[in-house]
Amino acid sequence: MKLTILLLFSTLLLHQTYTFEFVIDGEWDSELVSVCVCVRERVRRAILVSDEDFEDFEAIKGNDITVKSYKVESRITSRFAHTTVKSSVVNTGSTAQSIGFNVQIPKRAFITNFTMNVNGITFIGSVKEKTVARNLYSQARARGKAAGIVRANSQDMETFKTEVHVPPGSKVQFELHYQEMMQRKLGVYQHTLHLQPGRLVPHLHVDVYIFEPKGISMVEVPNTLGELFTGLTTVTKSKDKAHVTFKPTLQQQRKCHNCTESGVDGVFTVKYDVEREGNAGELQVSDGHFVHFFAPQNLSPLSKNIVFVIDVSGSMWGLKMKQTVEAMEAILDDLTIDDYFSIIDFNHNVRCWSEELVPGSSIQVADAKKYVQSIKPNGGTNINEALQRAVQMLIKASNQGLIDQRSVSMIILVSDGDPTVGEIKLSNIQKNVKRIMREEFSLFSLGIGFDVDYDFLERIAMDNRGVAQRIYANHDAAEQLRTFYSQVSSPLLRRITIQFPEGSVSDITQSHFDKFFSGSEIVVAGKLQSTGFPTLHSFTTASAATMDMTLQTDTDISELDAILNQQQHSVTGFARQMWAYITINQLLAERALAPTAAKKRKITQRILGLAVEHQFVTPLTALLIEGENEKLLADSPKDPKHGCCSAAGVLHPQLGPADPDVHPQPCHGTHHMDNDPHFIIHLPKRDMDVCFNIDSEPGDILNLVSDPGAGVVINGMLTGSKTLQNNKLKTYFGAIGVFYRPEGVRVTVRTDRIDVVEGKDNNSFSWGSTVDITINGVKISIEKDSKVSVVVNGRIKAMVLLHRVWKKHPVNVDFLGFYSPNDNQYSEQVHGLIGQFANEPEVKVSNIHDGPDPKKKEATMDVKGNKLAVTRGWQKDYREDKKRGTDVYCWFVHNSGKGFIDGHFSNYIVPSLDSFLPEL
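Residues numbered from 1 in each chain as written. Predicted model: local features only at pLDDT ≥ 70, side-chain atom pairs only at ≥ 80, totals over all residues. Heavy atoms only, no water.

1. Some thoughts on the overall build of the protein
Secondary structure summary: the protein contains 13 helices and 54 strands in total. Expressed as a percentage of its 920 residues, the buried residues of the protein come to 58%. When the accessible area of the protein is evaluated, it comes to approximately 37100 Å², of which 48% is carbon and sulfur surface. (Helix = DSSP H or I, 4+ residues; strand = E, 2+ residues; numbered from the N terminus. Buried < 20%, exposed > 50% of the residue type's maximum accessible area, 1.4 Å probe, protein only. Areas by Shrake-Rupley, 256 points an atom, 1.4 Å probe, with all protein chains shown as cover.)

Rendered as structure tokens:
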């Protein structure tokens, strides 16, 4: 019996493919060799077609064969996917023939294993260093057991191809495994599976299992396979798990009722996103490794400075230029008046639509569109001069002060060819651009079609803090260009750094990032060190449109592993594999840019060690497939938390019985309000606390501090309890606003979020993160699920405390407490329910005597010319113990503080959270 196995890897970039043969009985047949050559050429042509539209691709190839089953299973755990493709095939023909098993895999995926069973003989794959695998393979070949050579040279893997020549009646089972990290783009993770079996399959099953510990916000399965399969996909979703199934019957697979051809021909897509507790990100620890996911939301975008550099050489004539113009029209419409831009087009010459950056006004955009529409492609390609002109334009704008220091500057290059004019040596062009490019600029490269040297575009982009993307030159190219632009059109943050306490982690992947774009995600991974502490902390610093931020989050280091042990479909060791996946990809990028041979060798050794340890097929490793006595070679491509104020007045809403046990750092000598709402005013001269309630209505906004001299106002909005209690509707503070008028900064603290507004920039933060923000003289510190501290110019401080009740509490609602220190440096114009006591009134308490309640003394208080009947009692300060509170012994003033506060409490009701108090 003779068994010939052809294992082929193919790529989008280089069209040379290789095969190898394996003969079980050790005999070589010259006819088989000639067949291999024909197969090689046929596959080469198929690859060229599949680069553009995949129509000729079939997962199972061969005549007179029966596909018993074709099953695809993906398990996604915390954005890391492990996909298994299995097929069972029988040669039902009367002669020996080749059976093909082909799998389209995502470019960024790493194959981890391939196994095959042919008539009971099992071949198992293992990843080894390429030279080791070749040696083992050569030894087997020398014994007449196997023969073969390597796959094409490219970093991007697209198609895995296998062909097995088997006798009639043979049964073959294929199984391929690959892993990849889901990348978030435009607000979603997209998992794609190529389903093109080319024939009807009795058992065609697709299962996608998703587990996200913090919760899944949405799962969507667009019908990308056609109307024939409408309603055949099932999505089952719980809080943190989802299961997507697609199992069309044999009849449902038919293109028509009596057709013998399968209608399953396309890409099966699953889109999803996760719940995010706050902008500090999600920190996960498992299997001795950690992964930090950072994808902040509700931030105002940074303004942009963009120079579009467009190739208009002769090769762009026709459809390429037409679609580039169409895409540019849409892209230009996206610009705002705060953005600056220009256009450079080049062939053998270089032209500038405008020699300087101009604002993205409607007039300038309209003029730019006319210019782009008038372009007529011709001539050669002078990339070097075009890119240098673009950099010089950004430098000139920066030197002239046209560029906002918090804006993002980028060059977007669109080209379809190699340089043919001027400097044509690619390494020199790369050095020339790198030499003049400033650290704050980025270069993004878009390569249209296959004539362009994509490796060069990728290197020059990576070398200058950008990315490259191939644009397929088909009818959809304009949409591809627009989609890419949309991914970089809304920058939210600059200069992002993610750090961890010293000694807590090691082997960290890239942790400094130049930019963060809306809808994307930053991922940092590493190894956990043994510190003895049960919790891992991370600290993220970043610059937003109008503020600088420090965000903090933490996680229990053992909690996730306990959860994963109970999950049937989770990816084993996902954090460990994800760390290796990210590290290897980053090392491959570094290797491509290595300045010396010695540096390149050092990086190579690191990649080899990691790839073999974690079983990833990379450009430097190979998959050695071994049976009991045979070896087959499938080669890869070549080559710190803040305390609160020292303090002055506090409000206390009624505390629910199930508030979380959180312990803020203690503060003393404050005015505060908390509960229903109780005001406690500390009078330091008398070392006395005076309390009063305000009996106002839900929806009313009470002025707490109004200081026109300092430009600061603090107001609180009341919310009501769910039902009456003792025939009374209790009120609480549901929102507290701090407004700093000179800089237009508004901080609104609500029970569900914290909004920070400066001018037209509106940024929102959840209570799920610890965050530090600095914005125009205002410092905001958010302590996760606990409190918010606001400091204005270092002179006026305030703290808002969060009180939570359990979700289904029958009466109470979540509410806020407010605390401000006695030593706040207000102006003489300060007033408000709390602010008026910055100037401490003369208070005298006399005639202390027993009242109806023996535990509560009564007395007479002389204050502001009034004699008030007061009662001695206890109120609560919740700063030290948010669950039970700390008792404060105070004199209670009845009738909503009448006589103790200036005027009537209704005088302190204002129309909005940023309203100053009118003169009383």
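2. Let's talk about the state of the cysteines
Summed over all chains, the structure comprises 2 disulfides. One disulfide bridge connects Cys691 with Cys890, the sulfur atoms lying 1.8 Å from each other. Around the S-S axis, the bridge from Cys691 to Cys890 shows a dihedral of about -125 degrees and counts as left-handed. Note that Cys691 is positioned in strand β39 (residues 688-693) and Cys890 in strand β54 (residues 886-893), a separation of 199 residues in sequence. Across the pair, exposure class does not vary: Cys691 and Cys890 are buried alike. (Disulfide = S-S within 2.5 Å.)

3. Quick look at the packing of aromatic side chains
Tallied over the entire structure, the rule returns 20 aromatic pairs. Ring centres of Phe308 and Tyr485 lie 6.3 Å apart, and the angle between their planes is 45 degrees; this geometry places the pair in the tilted category. Linking Phe308 in strand β21 (residues 304-311) with Tyr485 in helix α9 (residues 477-488), this pair joins segments that are 177 residues apart in sequence. Taken as a pair, Phe308 and Tyr485 share a single burial class, namely buried. Arranged with centres 4.9 Å apart and planes meeting at 5 degrees, the rings of Phe679 and Phe692 form a pair that is stacked. (Phe/Tyr/Trp six-rings, centres within 6.5 Å; stacked < 30°, edge-to-face > 60°.)

4. Here's the deal with the packing of helix α4 (residues 319-333) against α9
As a packed pair, α4 and α9 sit with axes 8 Å apart at the nearest point and diverge in direction by 35 degrees. The element α4 and its partner α9 pack so that their crossing is right-handed. Here Gln323, Thr324, Glu326, Ala327, Ala330 and Ile331 of α4 lie close against α9, whose contacting residues are Ala477, Ala478, Leu481, Arg482 and Tyr485. In terms of residue class, the contact of α4 with α9 is made up of 7 nonpolar, 2 polar and 2 charged. (Axes fitted to C-alpha atoms, helices over the stretch in contact; angles between N-to-C directions. Left-handed = near helix turned anticlockwise from the far one by under 90°. Contact = heavy atoms within 4.5 Å. Nonpolar A, V, L, I, M, F, W, Y, C, P; charged D, E, K, R; others polar.)

5. Digging into the nonpolar core
Considering soluble globular proteins, one finds that nonpolar side chains tend to be buried as a cluster. Residues Leu493, Ile780, Met861 and Phe900 are the most contacted members of the largest nonpolar core, which totals 85 residues. A per-element tally of this core places strand β42 (residues 731-740) first, with 5 residues. With residues up to four places along the chain from it excluded, the contact list for Ile780 reads Val747, Val756, Val771, Asp772, Ile773, Ile775, Val788, Ser789 and Val790. With 52 residues, the next largest nonpolar core counts Val67, Val85, Met182 and Ile216 among its residues. (Core = buried A, V, L, I, M, F, W, Y, C linked by side-chain atoms within 4.5 Å.)

6. Some points on empty space enclosed by the protein
A water-sized probe rolled over the atoms picks out the places where empty space is left. Empty space within the largest cavity amounts to approximately 100 Å³. If you trace the largest cavity, you find 13 residues lining it, with Met328, Ile331, Ile412, Val414 and Leu446 closest to the centre. Mapped by element, the contributors of at least two residues to the lining of the largest cavity are β21, α4, β25 (408-415) and α9. Tallying contributions element by element places α4 first for the lining of the largest cavity, with 4 residues. Class assignment for the residues of the lining of the largest cavity results in 12 nonpolar, 1 polar and no charged. (1 Å grid on protein atoms, 1.4 Å probe; cavity = no way out; pocket = protein on both sides within 12 Å on 5 of 7 lines; lining within 4 Å. Points joined across faces, edges and corners; volume = space filled by probe spheres on them.)

7. Structural notes on the pairing of β42
Within β42, 10 of the 10 residues are buried, which leaves the element mostly enclosed by the surrounding structure. Bridge count for strand β41 (residues 712-720) against β42 is 9 bridges, and the pairing is antiparallel. Across the sheet, residue Leu718 finds its bridge partner in β42, namely Phe733. Note that β42 and strand β43 (residues 745-750) share 6 bridges and pair antiparallel. Paired with Phe739 across the two strands is Arg746, which belongs to β43. Connecting the antiparallel pair β42 and β43 is a turn made up of 4 residues, with Gly744 showing a positive phi of about 65 degrees. (Pairing = 2+ DSSP bridges.)

8. A few points about helix α6 (residues 383-399)
With 17 residues, α6 should cover 24 Å at 1.5 Å per step; its first-to-last C-alpha distance of 24 Å lies within 8% of that length. Inspection of α6 places Ile383, Asn384, Ala386, Leu387, Gln388, Ala390, Val391, Met393, Leu394, Ile395 and Ala397 among the buried residues, and these make up the whole buried set. Phi turns positive, to about 80 degrees, at Gly401, one or two residues after α6. (Expected span 1.5 Å × (residues − 1).)

9. Quick notes on the sheet that holds strand β15 (residues 216-220)
Taken together, the 4 strands give an open sheet; going across it, the order is β12-β13-β18-β15, and neighbouring strands pair in antiparallel fashion. Where the open sheet ends on each side, the last strands, each with one partner, are β12 (184-185) and β15. As defined by bridge partners, β12 adjoins strand β13 (residues 188-195) across 2 bridges and the pair is classed as antiparallel. Counted as the bridge partner of Arg184 is Tyr189 from β13.

10. Re unusual backbone geometry
Glycine aside, a negative phi is what most residues show, and trans is what most peptide bonds show. Of note, Asp64 is a non-glycine position whose phi angle comes to about 55 degrees, a positive value. In this fold, Asp64 is placed in the loop between β3 (60-61) and β4 (65-77). Take Asp64: its relative accessible area is 54%, and that puts it in the exposed class.

11. Digging into helix α11 (residues 574-592)
Between its first and last C-alpha, α11 extends 27 Å over 19 residues, near the 27 Å set by a 1.5 Å rise per residue. Burial runs high along α11: 14 of the 19 residues are buried.

12. Quick notes on the environment of Val749
Mapped onto the fold, Val749 is located in strand β43. Under the relative-accessibility criterion, Val749 is labelled buried at 1%. With 16 residues separating them along the chain, Val749 and Phe765 place their C-alpha atoms 9.6 Å apart. Other than its neighbours up to four places away in sequence, Val749 contacts Gly734, Ala735, Ile736, Ile754, Trp767, Val788, Val800 and Leu816.

13. Brief notes about the pattern of salt bridges
Pairing between side chains of opposite charge can happen when the charged atoms of each approach one another. The tally for this structure, following the rule as stated, stands at 33 salt bridges. With its nearest N and O atoms 2.8 Å apart, the salt bridge here joins Glu479 to Arg482. With a gap of 3 residues between them, Glu479 and Arg482 both fall in helix α9, about one helical turn apart. Linking Arg804 and Asp814 is a salt bridge whose minimum nitrogen-to-oxygen distance equals 2.9 Å. Highlighted residues: Arg804 in the loop between β49 (796-803) and β50 (815-821) and Asp814 in the loop between β49 and β50, separated in sequence by 10 residues. The exposure class of Asp814 is partly exposed, given its relative accessible area of 23%. If you follow the salt bridges from partner to partner, you end up with Arg79, Arg184, Glu212, Asp273, Arg276, Glu282 and Glu521 in one network. (Salt bridge = Lys/Arg side-chain N within 4 Å of Asp/Glu carboxyl O.)

14. Side note on the sheet that holds strand β20 (residues 289-294)
Where strands meet in a sheet, backbone hydrogen bonds hold them as pairs that are either parallel or antiparallel. Taken together, the 4 strands give an open sheet; going across it, the order is β19-β20-β31-β29, and neighbouring strands pair in antiparallel fashion. Whereas interior strands pair on both sides, the edge strands pair on one side only; in this sheet they are β19 (282-286) and β29 (505-506). Bridge analysis of β20 against strand β31 (residues 522-528) gives 6 bridges, and the strand direction is antiparallel. Directly across from Phe294, in β31, lies its bridge partner Ile522.

15. Here we look at the side chain of Ser262
Secondary-structure assignment places Ser262 in the loop between α3 (250-253) and β18 (266-274). The exposure class assigned to Ser262 is buried, which follows from its relative accessible area of 6%. Excluding its chain neighbours within four sequence positions, the residues that come into contact with Ser262 are Pro197, Arg199, Leu200, Gln253 and Lys255.

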